[in-house]
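The residues making up each chain are set out below.
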Amino acid sequence: MEAKIKAISYYLPEKVFDNQEINELFPEWSIDKISSKTGIYNRHISNDDEFSSDMAVKVAEKLFEEHQIDRNHIDFILLCTQSPDYFLPTTACIVQNKLGIPTSCGALDFNLGCSGFVYGLGLSKGLIYSSVATNVLLITAETYSKFIHPQDKSNRTIFGDAASATLITMNDGFAEIGSFELGTDGKGAENLIVKKGGLRFPGLSLQNEDVLDEFGNVTNPGKLCMNGAEIFSFTSTAVPELIKNVLSKNNILADEVNLYIFHQANKYMLNHLRKKINIEEEKFYYFLEDCGNTVSSTIPIALTEAKKEDKLKGNVLLAGFGVGYSWAGCLLKIS
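Here, residues in each chain are numbered from 1, in the same order as that chain's written sequence. Thresholds applied to this predicted model are a pLDDT of at least 70 for local features of residues and 80 or more for the giving and counting of side-chain atom pairs; totals over whole chains, interfaces and linings are not thresholded and use all residues. Excluded from the side-chain calculations are hydrogens and water; all other atoms, namely the structure's heavy atoms, are used.

Undergrad: With reference to specific residues and values, describe the overall build of the chain.
TA: Broken down by element type, the chain carries nine helices and 15 strands. As a reference, a globule follows 2.2 Å times the number of residues to the power 0.38, and the radius of gyration itself is taken over C-alpha atoms. Here the C-alpha atoms of the chain give a radius of gyration of 19 Å, agreeing with the 20 Å that 2.2 N^0.38 yields for 335 residues. Throughout, exposure labels follow a simple rule: accessible area from a 1.4 Å probe, protein chains only, divided by the maximum for the residue type, with under 20% read as buried, over 50% as exposed, and the rest as partly exposed. A buried classification covers 53% of the 335 residues belonging to the chain. Whether two residues are in contact is decided by their heavy atoms: any pair within 4.5 Å suffices. Long-range contacts, defined here as pairs at least 24 residues apart, represent 77% of the contacts in the chain between residues at least 6 apart. A total accessible area of about 14700 Å² is found for the chain, and carbon and sulfur atoms account for 51% of it. Note on conventions: DSSP H or I runs of at least 4 residues are helices, E runs of at least 2 residues are strands, and numbering of each starts at the N terminus. Using the Shrake-Rupley algorithm and a 1.4 Å probe, accessible areas are obtained, with residue cover drawn only from the displayed protein chains.

Spelled out as structure tokens, the structure:
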């Protein structure tokens, strides 16, 4: 028995937030400075009335149309999001109904960020290997822009909204899902957090709770707060070890990997990791210029574009890392 990726599609909202607009809002940040530091030129931002379930439905419909997939054959929906429509009900249940997928289908949400797609592949493989499901619809959908303070120039520069839909099936697809390495370190939880709004700190934040940090970003406990230095430090330590362990668990050498696709955090971090792990540039894939950091959707978006460019061959190593702290890696064997 094998679990394979059969098809992937992704969705980007129509509204585009480009570097010129950032420069107009924050004149101290030049267009060249933004692009050279982040590698990002455009971000897609969800409309005020567009939420994770809306994007999930749009991307799933796109998957069905682009790849001629019969929705009646889907028997499990996994939805990765940290920006659900509601505390309850489960967003995946709403999506099942809107898509008209049979009620015999299982459905659940899981709350993970930048490692979420790889975790989702692991969950999908487990469902298939345990005979719970044969066709798993894995959706990632995030509207991080709704968490970001309008005056937080750092996070507004990095993050964009997006959704992806991936069909994982038994024995039928272009990429066999290999072995996984997963990790968690919750002591870093407050370094990337929306502190208010849940049950521990209920209620929305007030304007008088705004705080100006040393870099000129406005933070607020009801908005996304990121300690960039700590996230960078965590990533620099965790990811090289992650890659080593993924190679070991799949019984291959680094030279046998044809392409590495990492979570597309920002160009500076990706280049740092590539050099630290000693990965040749031609084996390292980038795709964030026109969409930014889309959290759990960065890897499936990059996979889709790499496939269009005919770069998915042999062994492809995936690595996601970020909020939690959480990290995950696996190997895809391309047929």
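Undergrad: Pulling in residues and values, what's your account of the packing of aromatic side chains?
TA: Classification of ring pairs uses Phe, Tyr and Trp, with its six-membered ring standing for Trp, and accepts pairs whose centres are within 6.5 Å; under 30 degrees between planes counts as stacked, over 60 as edge-to-face, and the remaining range as tilted. For the structure shown, the criterion picks out nine aromatic pairs. Taken together, a centroid distance of 6.0 Å and an interplanar angle of 70 degrees make the contact between Tyr144 and Phe147 edge-to-face. The class of Tyr144 is buried, set by a relative accessible area of 3%. By relative accessible area, which is 21% here, Phe147 ends up partly exposed.

Undergrad: Quick rundown of a negative patch on the surface? Include the residues and the values.
TA: Only residues above 30% relative accessible area that lack a salt bridge enter a patch, with like-charged residues linked at up to 9 Å and the nonpolar side chains Val, Leu, Ile, Met, Phe, Trp and Tyr linked at up to 5 Å. The salt bridge criterion pairs a side-chain nitrogen of Lys or Arg with a carboxyl oxygen of Asp or Glu, the two atoms within 4 Å. Under the counting rule used here, the positive set is Lys and Arg, the negative set is Asp and Glu, and His together with the chain ends is not counted. We put the charge of a Lys on NZ, of an Arg on CZ, of an Asp on CG and of a Glu on CD. A grouping of Asp255, Glu256, Glu280, Glu281 and Glu282 is seen on the molecular surface, where their side chains present a negatively charged patch. Note that Glu280 resides in the loop between helix H8 (267-277) and helix H9 (298-308).

Undergrad: I'd like a rundown of the packing of helix H3 (residues 52-67) against helix H4 (residues 91-99), residues and numbers included.
TA: At a minimum axis distance of 10 Å, the contact between H3 and H4 shows a crossing angle of 45 degrees. Relative to H4, the element H3 is oriented oblique. Of the two elements, H3 crosses H4, and the hand of that crossing is right-handed. Taking contact as the criterion, the partners of Ser53, Asp54, Ala56, Val57, Ala60, Glu61 and Phe64 in H3 are, on H4, Thr91, Ile94, Val95, Lys98 and Leu99. A class-by-class count of the residues in the contact of H3 with H4 yields seven nonpolar, two polar and three charged. Between the N-to-C directions of two axes lies an angle of 0 to 180 degrees, each axis being a line fitted to C-alpha atoms and, for a helix, fitted only over the stretch in contact. To sort the angles, those under 35 degrees are grouped as roughly parallel, those over 145 as roughly antiparallel, those from 65 to 115 as roughly perpendicular, and the leftovers as oblique. A clockwise turn of the near helix away from the far one marks a right-handed crossing, whereas an anticlockwise turn of less than a right angle marks a left-handed crossing. In the scheme used here, Gly and all other residues not listed as nonpolar or charged are polar, with Ala, Val, Leu, Ile, Met, Phe, Trp, Tyr, Cys and Pro taken as nonpolar and Asp, Glu, Lys and Arg as charged.

Undergrad: Give a detailed account of the sheet that holds strand E8 (residues 175-184), specifying residues and quantitative values.
TA: By definition, the strands of a sheet pair up through backbone hydrogen bonds, in either a parallel or an antiparallel sense. In short, DSSP must find at least two bridges between two strands for them to pair. Strand order in the open sheet made by the nine strands is E5-E4-E6-E7-E1-E8-E15-E14-E13, with mixed pairing throughout. Either end of the sheet is taken by a strand with one partner, and the two such strands are strand E5 (106-110) and strand E13 (257-262). The average angle at which neighbouring strand axes cross in this sheet is 25 degrees, direction not considered. Looking at chain direction, strand E6 (residues 135-142) and strand E7 (residues 162-170) are connected through eight bridges and run antiparallel.

Undergrad: Run through the pairing of strand E15 (residues 326-334), naming residues and quoting values.
TA: Of all nine residues making up E15, eight are buried, and the element is well covered by its neighbours. Where E8 lies against E15, eight bridges are found, and the strand directions are antiparallel. Each bridged residue has a counterpart across the sheet, and for Ala175 the counterpart in E15 is Ile334. Examined bridge by bridge, strand E14 (residues 315-322) and E15 share eight bridges and lie antiparallel to one another. Residue Gly322 lies in a different strand from E15, and its bridge partner there is Ser326.

Undergrad: Just give me the short version of helix H5 (residues 116-129), but keep the residues and values in it.
TA: To estimate how far a helix should extend, the number of its residues minus one is multiplied by 1.5 Å. Spanning 14 residues, H5 covers 20 Å between terminal C-alpha atoms, matching the ideal 20 Å at 1.5 Å per step. The element H5 is extensively covered by neighbouring structure, given that ten of its 14 residues are classed as buried. Turning to H5, its buried residues are Gly116, Phe117, Val118, Tyr119, Gly120, Leu121, Ser124, Lys125, Leu127 and Ile128. Ser131, located one to two residues past H5, shows a positive phi value of around 65 degrees.

Undergrad: Any chance you could break down the pairing of E14 for me, citing the residues and the numbers?
TA: Of all eight residues in E14, eight are buried; the element is thus mostly enclosed. Neither face of E14 is left uncovered, since the one carrying Asn315, Leu317, Ala319 and Phe321 and the one carrying Val316, Leu318, Gly320 and Gly322 both have all their residues buried. As paired strands, E13 and E14 are joined by five bridges and run parallel to one another. Bridge pairing in E14 places Phe262 opposite Ala319.

Undergrad: Explain the domain arrangement of the chain residue by residue, including any values.
TA: Domain boundaries shown here were taken from an automatic or database domain assignment. Segmentation of the chain into domains returns domain 1 (3-173) and domain 2 (179-334). Using C-alpha coordinates to define each centre, domain 1 is positioned 15 Å away from domain 2. Tallying the contact residues gives 47 residues for domain 1 and 51 residues for domain 2. Here the quantity called buried area is the total loss of accessible area, with a 1.4 Å probe, experienced by two parts when brought into contact, counted for both. Counting each side, the surface lost to burial between domain 1 and domain 2 is near 3900 Å², with a carbon and sulfur contribution of 64%. Of all residues in domain 1, Tyr10, Cys114 and Val118 give up the largest surface area on contact with domain 2, accounting jointly for 18% of the area buried on that side. Here a polar contact is recorded for every N or O atom pair within 3.5 Å, except that within protein the pair must consist of a potential hydrogen donor and a potential acceptor, and residues adjacent in sequence are included only if both atoms are side-chain atoms. One can count 16 residue pairs in polar contact (both at pLDDT 80 or more) joining domain 1 with domain 2. When its residues are assigned to classes, the side of domain 1 that touches domain 2 shows 22 nonpolar, 17 polar and eight charged.

Undergrad: With reference to specific residues and values, describe the UniProt feature "domain: Beta-ketoacyl-[acyl-carrier-protein] synthase III C-terminal" (unreviewed entry) in the chain.
TA: UniProt positions are given in the numbering used here, feature names are shortened, and annotations may be inferred rather than shown by experiment. Here, UniProt's "domain: Beta-ketoacyl-[acyl-carrier-protein] synthase III C-terminal" (unreviewed entry) annotation points to residues 247-334. End-to-end, the C-alpha atoms of residues 247-334 are 16 Å apart, and along that stretch the chain is 28% helix and 26% strand.

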